[in-house]
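Residue-level listing of the chains:
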Amino acid sequence: MIECRHATVEISPALKLADLSFQISTGQYAVLTGRTGTGKTSILEAICGLRAVRSGFIRLNGVDVTGWAPGDRNIGYVPQDLGLFPTMTVEDHLQFALTLRGRRRTIGDLAMHTRELARVLGIESLMSRRVRGLSGGEAQRVALGRALSFRPSVLLLDEPLSALDETTRREMRQLLQTVKETSGATILHVTHNP
């Protein structure tokens with residue numbers, strides 16, 4: 001569950017979102033739409049802990065996380081620019097969040113988890129490739145895989161389909177439906193495209 005109550009988020013000294021309140025039930029897939037520049041990304045950043053909440057609170061699964069560090073919130077986040085590291089392979093990206101969080105797994109267990117995630121995302125053949133040269137849809141799948149790899153309870157998606165052609169966009173919509181059905185995560189997807 002994602003709950004935001006009476007939150008004020010400062011975007012710049014001259015611009016803030018004030019008294020923001022909404023709730024997304026556990027396991028629900030919610031979409032927040034709005035014009036470019038209206039603060040949708042800032043809302044995601046506040047939920048992630050990347051942008052300060054000046055008043056009010058944010059609860060995840062009933063726990064007030066307003067003052068928590070981003071890494072402690074159990075959130076998978078796919079930023080609009082994807083945030084992929086050019087020096088890493090696709091496999092490295094799928095293992096990155098687990099390594100960063102210090103989750104100990106045996107080599108075989110980690111490899112099996114990574115292969116299963118790659119299978120679900122349809123990127124098994126890309127595992128040894130670096131992210132440079134991936135198509136938009138392939139890169140989007142890698143970013144989604146990195147966000148899902150540690151099994152977050154909340155998944156935040158910032159314009160995940162905006163840079164894709166119509167065919168790839170349809171494929172990604174189907175993939176996101178599969179992710180919703182299989183992950184159990186509460187998902188907030190922001191877009192300017194109704």
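Conventions used here
- Residues numbered from 1 in each chain as written.
- Predicted model: local features only at pLDDT ≥ 70, side-chain atom pairs only at ≥ 80, totals over all residues.
- Heavy atoms only, no water.
- Helix = DSSP H or I, 4+ residues; strand = E, 2+ residues; numbered from the N terminus.
- Polar contact = N/O pair within 3.5 Å; in protein donor to acceptor, adjacent residues only side chain to side chain.
- Contact = heavy atoms within 4.5 Å.
- Buried < 20%, exposed > 50% of the residue type's maximum accessible area, 1.4 Å probe, protein only.
- Pairing = 2+ DSSP bridges.
- pLDDT = per-residue confidence, 0-100.
- Salt bridge = Lys/Arg side-chain N within 4 Å of Asp/Glu carboxyl O.
- Axes fitted to C-alpha atoms, helices over the stretch in contact; angles between N-to-C directions.

### A look at the side chain of His-93
Tracing the sequence through the fold places His-93 in helix α2 (residues 90-100). Here Phe-85 takes part through its backbone nitrogen, which lies 2.9 Å from a polar atom of the side chain of His-93. Here His-93 is in contact with Leu-84, Phe-85, Met-88, Val-131, Val-142 and Arg-146, once residues within four sequence places are set aside.

### Regarding the pairing of strand β8 (residues 186-191)
Most of β8 is tucked away: six of the six residues are buried. Where burial is concerned, the two faces of β8 agree: the one with Thr-186, Leu-188 and Val-190 and the one with Ile-187, His-189 and Thr-191 are both buried. When strand β3 (residues 29-33) meets β8, the two strands line up parallel, connected through five bridges. Following the sheet pairing, Tyr-29 is matched in β8 by Ile-187. The pairing of strand β7 (residues 154-158) with β8 spans five bridges and is parallel. Within β8, the position partnered with Leu-157 by the bridge is His-189.

### Side note on the confidence of the model for the chain
Mean pLDDT for the chain: 90, with 96% of residues reaching 70 or above. At the low end of the mean pLDDT range in the chain sits helix α3 (residues 107-121), at 81; at the high end sits strand β5 (residues 63-64), at 97.

### A word on the pairing of strand β2 (residues 15-24)
With seven bridges joining them, strand β1 (residues 2-12) and β2 adopt antiparallel strand pairing. From the neighbouring strand, Ile-2 faces β2, where its bridge partner is Ile-24.

### Observations regarding unusual backbone geometry
One non-glycine residue, Asp-19, lies in positive phi territory at about 55°. Positionally, Asp-19 belongs in strand β2. Phi is positive for Leu-82, close to 75°, though the residue is something other than glycine. Looking at the element boundaries, Leu-82 is found in the loop between β6 (75-78) and α2.

### Description of the pattern of salt bridges
Enumeration according to the criterion identifies nine salt bridges in this entry. Taking the shortest distance from any N to any O, the salt bridge between Arg-170 and Glu-166 comes out at 3.8 Å. Placement of both Arg-170 and Glu-166 in helix α5 (residues 166-183) is noted, with a separation of four residues, approximately one turn of the helix. One network of salt bridges, in which partners are shared, links Glu-166, Arg-169, Arg-170 and Arg-173.

### Re the sheet that holds β2
The strand order across the open sheet built from four strands is β2-β1-β4-β5, with neighbouring strands paired in antiparallel fashion. Of all strands in the sheet, those with a lone pairing partner are β2 and β5, marking the two edges. Here strand β4 (residues 53-60) pairs with β5 via two bridges, running antiparallel. Pairing of Arg-59 across the sheet is with Asp-64, part of β5.

### A word on the sheet that holds β6
Strands sit in the order β3-β8-β7-β6 across an open sheet of four strands; the sheet is parallel. Edge positions in the sheet fall to β3 and β6, since each has one partner strand and no second. Recorded for the sheet is a direction-independent mean angle of 15° between the axes of neighbouring strands. As paired elements, β6 and β7 share four bridges and run parallel to each other. Following the sheet pairing, Ile-75 is matched in β7 by Val-154. The strands touched by helix α4 (residues 136-148) are β6 and β7; relative to β6, the strand with the most contacts, the crossing angle is about 165°. Taken strand by strand, α5 contacts β3, β7 and β8, and its axis lies near 155° from that of β8.

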